[in-house]
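In case you want the letters, here they are:
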Amino acid sequence: MTRRFEGKVALITGGASGIGAATARRLASEGAKLMLGDIDSEKGRAVAEELGEDGAFMLTDVRQLEQVEALTEAAVERFGRLDIVFNNAGSGLLGQTPDLDPEAWRDLFALDVHSVFYGCRAAIPHLRRVGGGAIVNTASISGLAADPGLATYNAAKGAVVNYTRSLAVDHARDNIRANSVCPGPIETPLLEPVLQMPGVRDRYAELIPMARVGKPEEVAGAVAFLASDDASYITGATIVIDGGVTACTGQPSFTRIVEEAMGSS
């Protein structure tokens, strides 16, 4: 393993589990010091303790500007600088437009979109101070196309994708790079209740060209790349990590249909 992040400090929201925790472990393995924010204090502290003296945790509700600012200041106070920000916290909401509670719509936008703005707003002055840095925002393939019954999530993640492009354009001269990752179905606590439903994994295996759900570590690898100097000329990009889902038209596999027909004849 290389030491691409030796001397670097990274802040991760939603760092207690899933993609956030996997990314914390990946960056730490390459030399970074980590400040983690999450609403799950038990799991968040456990991840930070796992990282030893290079890890710290702060209970944070990313929907609250003041708490995001406090998390950012705590990172700088603890480690002396800030180089990488991974705005990863988020969730989903099921429901079609006529049935959606407007308050639930606003709350999801606060969690999935406002939090990203808060994190960037708090971090950019510190990134400027050290001569630049990297911002990575978690969007989703659901921000690139629509899913049935996920209007709020689709809209929120689409906002993250385009806001990230704006960040990249506005702050390129500050030597601050901003990119987004768009995971597909990943084995995270957010998706776990769905994956436990009968037949869901089989359905995913049928729809995903790679025939499996992704792992948090596979997203973490992409985040680490974007945060590193290996991606020094990449900004405003949207990296899709979905096993080939968005490469498909959505039509049935004609190859499989023909093979099954020939096998039964």
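Before reading on, note that the structure itself is shown above.
Bear in mind the structure is a predicted one, so any value in this text is a computation, not a measurement. Here, residues in each chain are numbered from 1, in the same order as that chain's written sequence. At least 70 in pLDDT is required for a residue's local features to be given in this predicted model, at least 80 for side-chain atom pairs to be given and counted, and no such filter applies to totals for whole chains, interfaces and linings, which use all residues. Hydrogens are left out, water is left out, and the side-chain values use all remaining heavy atoms of the structure.

K.L.:
Explanation requested: the sheet that holds strand β2 (residues 33–38) in the structure shown.
P.N.:
The pairing of strands in a sheet comes from backbone hydrogen bonds and takes either a parallel or an antiparallel form. A pair of strands is treated as paired once DSSP finds two or more bridges between them. Where helices and strands are cited, they refer to DSSP runs of H or I of at least four residues and of E of at least two residues respectively, numbered from the N terminus. Strand order in the open sheet formed by seven strands is β3-β2-β1-β4-β5-β6-β7, and the pairing between neighbours is parallel. Taken across any chain shown, the strands that pair with only one partner, and hence form the sheet edges, are β3 (55–59) and β7 (238–241). Ignoring which end each strand starts from, the neighbouring axes of this sheet average 15° apart. Note: strand β6 (residues 176–183) against β7, four bridges, orientation parallel. The residue bridging Val 181 from the neighbouring strand is Ile 239, located in β7. Contacts are assigned to residue pairs that have any heavy atoms within 4.5 Å of one another. Here the axes come from fitting lines to C-alpha atoms, over the contacting stretch only for helices, and the angles between their N-to-C directions go from 0 to 180 degrees. Against the sheet, helix α5 (residues 151–171) makes contact with β5 (133–138), β6 and β7, and its axis sits at roughly 160° relative to β6, the strand it touches most. The sheet strands contacting helix α8 (residues 216–227) are β4 (84–87), β5, β6 and β7, and the helix crosses β6 at an angle near 165°.

K.L.:
Just to check I follow, could you spell out the pairing of β2 for this structure?
P.N.:
Moving residue by residue along a regular strand, the side chains alternate between the two faces of the sheet. Burial of β2 is extensive: five of the six residues sit out of reach of the surface. The pairing of strand β1 (residues 9–13) with β2 spans five bridges and is classified as parallel. Opposite Leu 11, over in β2, you have Met 35 as the bridge partner. Running through helix α1 (residues 18–29), the crossover from β1 to the neighbouring parallel element β2 is right-handed. When β2 meets β3, the two strands line up parallel, connected through five bridges. Exposure classes here rest on a 1.4 Å probe applied to the protein chains alone. A residue is buried below 20% of its type maximum, exposed above 50%, and partly exposed in between. Crossover handedness is defined by viewing with both strands directed away from the observer: a clockwise path from the first strand over the helix to the second marks the crossover as right-handed.

K.L.:
I'm lost on unusual backbone geometry in this one. Help?
P.N.:
A negative phi angle characterises most non-glycine residues, just as the trans form characterises most peptide bonds. The phi dihedral of Asn 175 falls on the positive side, at around 60°, and the residue is not glycine. Checked against the element boundaries, Asn 175 lands in the loop between α5 and β6. Non-glycine residue Ala 211 carries a positive phi angle of around 60°. Within the secondary structure layout, Ala 211 lies in the loop between α7 (200–207) and α8.

K.L.:
What's the story with the pattern of salt bridges in this structure? I'm lost.
P.N.:
Opposite charge on two side chains permits them to pair, given that their charged atoms come into close proximity. Any Lys or Arg side-chain nitrogen located within 4 Å of an Asp or Glu carboxyl oxygen qualifies as a salt bridge. Tallied over the full model, the rule gives 15 salt bridges. A salt bridge links Asp 230 to Arg 4, with the shortest nitrogen-to-oxygen separation between them at 2.9 Å. Taken as a pair, Asp 230 in the loop between α8 and β7 and Arg 4 in the segment before β1 lie far apart in primary sequence, 226 residues in all. Residue classification places Asp 230 among the exposed residues on the basis of a relative accessible area of 51%. Where Glu 187 meets Arg 201, a salt bridge forms, and the shortest distance between an N and an O atom there is 2.8 Å. Of this pair, Glu 187 sits in the loop between β6 and α6 (192–195) while Arg 201 sits in helix α7, and the two are 14 residues apart along the sequence. Given the relative accessible area of 38%, Arg 201 is considered partly exposed. A single salt-bridge network, built from bridges that share partners, covers Arg 4, Arg 26, Glu 30 and Asp 230.

K.L.:
I would appreciate a short explanation of the packing of α1 against α8 in the present structure.
P.N.:
Two quantities define a packed helix pair, namely the angle between the axes and the distance from one axis to the other. Following both chains from N to C, one finds α1 and α8 inclined at 55°, their axes separated by 8 Å at the closest point. With respect to their mutual orientation, α1 and α8 come out oblique. Relative to α8, α1 is oriented so that their crossing is right-handed. Touching Gly 18, Ile 19, Ala 22, Thr 23, Arg 26 and Leu 27 of α1 are Pro 216, Glu 217, Val 219, Ala 220, Gly 221, Val 223 and Ala 224, all from α8. All residues other than Ala, Val, Leu, Ile, Met, Phe, Trp, Tyr, Cys, Pro, Asp, Glu, Lys and Arg, Gly among them, are scored as polar; the first ten of these are nonpolar and the last four charged. Residues belonging to the contact of α1 with α8 are distributed by class as follows: eight nonpolar, three polar and two charged. Small angles under 35 degrees read as roughly parallel and large ones over 145 as roughly antiparallel, with 65 to 115 read as roughly perpendicular and the rest as oblique. For a crossing to be left-handed, the near helix must be turned anticlockwise from the far one by less than a right angle; the clockwise case is right-handed.

K.L.:
Can you help me understand the side chain of Thr 13 in this one?
P.N.:
With respect to the helices and strands, the residue Thr 13 is situated in strand β1. Not counting the four nearest positions on each side in its chain, Thr 13 is found in contact with Gly 37, Val 62, Leu 71, Phe 86, Asn 87, Asn 88 and Ala 89.

K.L.:
Would you mind showing me how to read the packing of helix α4 (residues 102–129) against α5 here?
P.N.:
One can describe the packing of α4 onto α5 by two numbers: an axis separation of 9 Å at closest approach and a directional angle of 15°. Taken together, the axes of α4 and α5 lie roughly parallel to each other. With respect to the hand of their crossing, α4 and α5 are arranged in right-handed fashion. Only Ala 151, Thr 152, Tyr 153, Ala 155, Ala 156, Lys 157, Ala 159, Val 160, Tyr 163, Leu 167 and His 171 of α5 make contact with α4, whose side of the interface consists of Trp 105, Leu 108, Phe 109, Asp 112, Val 113, Val 116, Phe 117, Cys 120, Ile 124 and Arg 128. For the contact of α4 with α5, the class distribution of residues is 16 nonpolar, two polar and three charged.

K.L.:
Looking at this structure, I do not really get the pairing of β6. What am I missing?
P.N.:
The element β6 is largely enclosed, with a buried count of eight among its eight residues. Inspection of the sheet shows β5 paired to β6 by six bridges, in the parallel sense. Of the residues in β6, the one forming a bridge with Asn 137 is Ser 180. In this view, the connection linking β5 to its parallel neighbour β6 by way of α5 has right-handed handedness.

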